[in-house]
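Here's the letter readout for the chains.
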Amino acid sequence: MICTMIAGDMGNGPKMGPFASGLLDTVVFNQARNITMGFLDRERTIAPPGFNRWLVPPAALAVHLCIGQAYATSVYKTALVKHFGASLTEIGVIFSIAIVMLGLSAAIMGTWVDRNGPRKAMFTSAMFWVGGFLIGSLGIFSHQLWLVYLGYGVVGGIGLGIGYISPVSTLIKWFPDRPGLATGMAIMGFGGGALIASPVSQALLKAYDPNSGAQGWVASGDAVGKLFLTLAVVYLAYMLFGAFTIKVPADGWRPAGFDPAKVKAAKLVTTENVSAKNSIKTRQFWLVWVALFCNVTAGIGILEQAAPMIQDFFRQSDGKSLVTAGVAAGFVGLLSIGNMAGRFAWSATSDVTGRKRIYMMYLGVGAVLYTVLALAGSTATALYVVLAFLIISFYGGGFSTAPAYLRDLFGTYQVGAIHGRLLTAWSAAGVAGPLIVNTILDAQGKPGQLNGASYQPALLTMVALLVIGFVANLLVKPVDARFHEPRPDRGRTEPAMEA
């Protein structure tokens, strides 16, 4: 024991008894833990005067690029189908559980994240995300699919939710002059995660599987398990870098030359504040919820099936596809570029057009693009790629514009917690999107036997959902004044943060 060595073994004084020694060891351990956890506290992340706010986005990207791996699951989806002898729907449940847990953890932990700051949230996210990979790899090696559900789905999904919302409100506070740009920077990394994870995963699967050179090769379960272990180590390092470098602005900080009083007034941009508790009582919250749900459901169905989908669309009558597995993995990476670019470009554009108008484009133009994809997508590879790229850019833009939309409607007070609650729409879409696509495809035939026509019912269902979302977005109006928080300058103090 540490204390026994100090007090007894290293001198002529009286030896410490086992109880006292154990008690003092506990005190020393707790003190060390408090020092470590104190480093994660919000107070330790406040930026000093003169801090450059442009150093904050890289910290957010470090976390979001890691958890964005969730969009690269289609690279090894077929391998898991073969390894577990399961259906597409059963393997798709892994992704669905992760997205459900993302939304639930974001909703439940949103206020905690706002109160404790981004560093502690990012650190917690890293522990859960990496733990999910470790448990998931154990399930693969032991042929226990339920462990993959528990690991990647439940545990990893909690890491997704906490990590996703952790930098959003921080960047909104650093960039009050450009909230759309801020949320685009915060969230674009999540869309771009697959851009890195997809080709890296494909290369590692080939390296870990000795049969990778065989014709029609599908990665072994052992290779996927080793891939999970590798990603766990790499992501832990990068996520901790983000956690330890993030900073929050001091109270009352404003960028040089920014005067909130001179900001051009807009009908849907409030100068008031609404609490997270009151936000869910408003009609506006649920209309935005429906719009986001429809946009996400439509996009997530394609992303979750991206690699096999492009192969099926260009499958010949002899059963062989014109698109190889390697090209399909590259297509997943291309979609990741569209996802990431849309999150940044469309969200930044919304600072000019307004959030409501940009959502009209996501949902209205998106419905048209889905219709063309369903009816003519298999006629030319270039047409398919362009349509899919634009659709996924709208999907990504919907995510990154949502926090700024909430900021416009409900103010900056507890916007992170409100955003967490809104992400339950993502949870619902994470079930609905893959379930619609996979259920229809399972009814159409087995993997390797599908073609472009097999996807038409699913894609046209997405068109109907986008139309519903378009109508919901049209109905968004300013929040009624009865939901506003009292202002301190009106003789009332702002209420304490919700527990």
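All residue numbers here refer to positions counted from 1 along the written sequence of the relevant chain. Since the coordinates come from a predicted model, pLDDT governs what is reported: local features require at least 70, and pairs of side-chain atoms require 80 or more to be given and counted, while whole-chain, interface and lining totals use all residues. Here the side-chain values reflect all heavy atoms present in the structure, with hydrogen atoms and water set aside.

To continue, consider the overall build of the protein. Secondary structure elements are taken from DSSP: a helix is a run of H or I of four residues or more, a strand is a run of E of two residues or more, and numbering for both begins at the N terminus. When helices and strands are counted, the protein shows 19 helices and 0 strands. Expressed as a percentage of contacts within the protein between residues at least 6 apart in sequence, the contacts between residues at least 24 apart total 83%. Put simply, the protein shows about 20,500 Å² of open surface, and 66% of that area lies on carbon and sulfur atoms. The contact rule is simple, with two residues in contact once any of their heavy atoms fall within 4.5 Å. Shrake-Rupley sampling with a 1.4 Å probe provides the accessible areas, and residues are treated as covered by the protein chains on show and by no other component.

This part covers the environment of G333. Along the chain, the position of G333 falls in helix 14 (residues 325–353). Owing to a relative accessible area of 5%, G333 belongs among the buried residues under this scheme. Ignoring any residue separated from it by four or fewer positions in sequence, one finds G333 in contact with A194, L195 and S198. Only protein chains enter the accessibility calculation, which uses a 1.4 Å probe; a residue whose area is less than 20% of its type maximum is buried, one above 50% is exposed, and one in between is partly exposed.

Here helix 12 (residues 283–303) spans 30 Å end to end across 21 residues, near enough to the 30 Å set by a 1.5 Å rise per residue. Counting buried positions along helix 12 yields 18 of 21 residues, so the element is predominantly enclosed. For a helix, the expected span equals 1.5 Å multiplied by the residue count minus one.

For the rest of this paragraph, the subject is unusual backbone geometry. The phi dihedral of H143 is positive, around 60°, even though this residue is not glycine. Inspection of the secondary structure assignment puts H143 in the loop between helix 6 (118–141) and helix 7 (145–165).

Moving on, we come to empty space enclosed by the protein. The method is simple in principle: a probe with the dimensions of a water molecule rolls over the atoms, and the space it marks as empty is what remains. The method works on a 1 Å grid over the protein atoms by themselves. A cavity is a set of points holding a 1.4 Å probe that cannot get out, a pocket is an open set with protein on both sides within 12 Å along at least five of seven lines, and residues with an atom within 4 Å of a point line them. Grid points are joined across faces, edges and corners, and a volume is the space filled by probe spheres set on the points. Considering all chains together, one arrives at 4 cavities of 30 Å³ or more under this definition. Approximately 100 Å³ is the volume attributed to the largest cavity. Elements represented by at least two residues in the lining of the largest cavity include exactly helix 4 (77–84) and helix 5 (88–116). At 4 residues, the largest contribution of residues to the lining of the largest cavity is made by helix 5. Of the residues assigned to the lining of the largest cavity, the class counts are 6 nonpolar, 2 polar and 2 charged. Charged means Asp, Glu, Lys or Arg here, nonpolar means Ala, Val, Leu, Ile, Met, Phe, Trp, Tyr, Cys or Pro, and polar covers whatever is left, Gly included.

Attention shifts here to the side chain of D408. Mapped onto the elements of the fold, D408 is located in helix 16 (residues 381–410). Given a relative accessible area of 4%, D408 falls into the buried group. The contact partners of D408, leaving out residues within four places of it in the chain, are L268, V269, T270 and R355.

What follows deals with the environment of G85. Among the secondary structure elements, G85 is positioned in the loop between helix 4 and helix 5. Judged by relative accessible area, which is 66%, G85 ranks as exposed. For the pair formed by G85 and H143, sequence separation is 58 residues and the distance between their alpha carbons is 10.0 Å.

Okay, a nonpolar patch on the surface next. Together, V467, V471, L474 and L475 make up a nonpolar patch on the protein surface, roughly 300 Å² of accessible area in all. Along the chain, the position of L474 falls in helix 19 (residues 456–474). Think of a patch as exposed residues, more than 30% relative accessible area, with no salt bridge, where like charges cluster within 9 Å and nonpolar side chains (Val, Leu, Ile, Met, Phe, Trp, Tyr) cluster within 5 Å. The working definition used for a salt bridge is a side-chain nitrogen of Lys or Arg within 4 Å of a carboxyl oxygen of Asp or Glu.

The next thing to look at is the packing of aromatic side chains. Centre distance within 6.5 Å is the pairing criterion for rings of Phe, Tyr and Trp, where only the six-membered ring of Trp is used; planes under 30 degrees apart are then read as stacked, over 60 as edge-to-face, and the remainder as tilted. Across all of its chains, the model carries 24 aromatic pairs by this definition. Ring geometry for F133 and Y235: centres 5.9 Å apart, planes at 55°, overall tilted. Taken together, the residues F133 in helix 6 and Y235 in helix 10 (residues 221–245) connect sequence positions 102 residues apart. Exposure class is identical for F133 and Y235. Each is buried. Centre to centre, the rings of Y164 and F190 are 5.1 Å apart; their planes meet at 85°, and the pair counts as edge-to-face. Taken as a pair, Y164 in helix 7 and F190 in helix 9 (residues 179–208) lie far apart in primary sequence, 26 residues in all. Given the relative accessible area of 0%, Y164 is considered buried.

Tallied over the full model, the rule gives 8 salt bridges. Across the pair D351 and R355 runs a salt bridge, and its minimum N-O distance is 2.9 Å. When its relative accessible area of 7% is taken as the criterion, R355 is described as buried. Residues R355 and D408 are paired through a salt bridge, measuring 2.6 Å at the closest nitrogen-oxygen approach. Remark: D408 occurs in helix 16 and R355 occurs in helix 15 (residues 355–376); sequence separation between them is 53 residues. Comparing R355 with D408, the two get one shared label, buried. When salt bridges that share partners are traced, they join R178, D351, R355, R407 and D408 into one network.

The pLDDT score gives, residue by residue, the confidence of the prediction method on a 0 to 100 scale. On average, residues of the protein score 82 in pLDDT, and 86% of them are at 70 or above. Within the protein, the lowest mean pLDDT, 45, falls on helix 1 (residues 2–9), and the highest, 95, falls on helix 6.

It is the contact of helix 6 with helix 10, at a shortest axis distance of 9 Å, that shows an interaxial angle of 170°. Taken together, the axes of helix 6 and helix 10 lie roughly antiparallel to each other. In the contact of helix 6 with helix 10, the residues fall into 21 nonpolar, 6 polar and 3 charged. Between N-to-C directions, angles cover 0 to 180 degrees, with each direction set by a line fitted to C-alpha atoms, over the stretch in contact for helices. For classification purposes, angles smaller than 35 degrees are called roughly parallel, those larger than 145 roughly antiparallel, those between 65 and 115 roughly perpendicular, and all remaining angles oblique.

This part is about helix 3 (residues 56–67). Helix length check: helix 3, at 12 residues, gives a terminal C-alpha distance of 18 Å against a target of 16 Å (1.5 Å per residue), a fit within 8%. Among the 12 residues that make up helix 3, 9 are buried, leaving the element largely enclosed by the rest of the structure. Buried positions along helix 3 lie against helix 6, helix 7, helix 8 (168–174), helix 9 and helix 10.

Now for the packing of helix 12 against helix 19. One can describe the packing of helix 12 onto helix 19 by two numbers: an axis separation of 8 Å at closest approach and a directional angle of 160°. In terms of their interaxial angle, helix 12 and helix 19 are classed as roughly antiparallel. Considering how the two elements wind past one another, helix 12 and helix 19 form a crossing that is left-handed. The segment helix 12 lies against helix 19, with L287, V290, A291, F293, C294, N295, T297, A298 and I302 engaging L459, M462, L465, L466, I468, G469, A472 and N473. Of the residues contributing to the contact of helix 12 with helix 19, the split by class is 13 nonpolar, 4 polar and no charged. Helix crossings fall into two classes, left-handed where the near helix is turned counterclockwise from the far one by less than a right angle and right-handed where it is turned clockwise.

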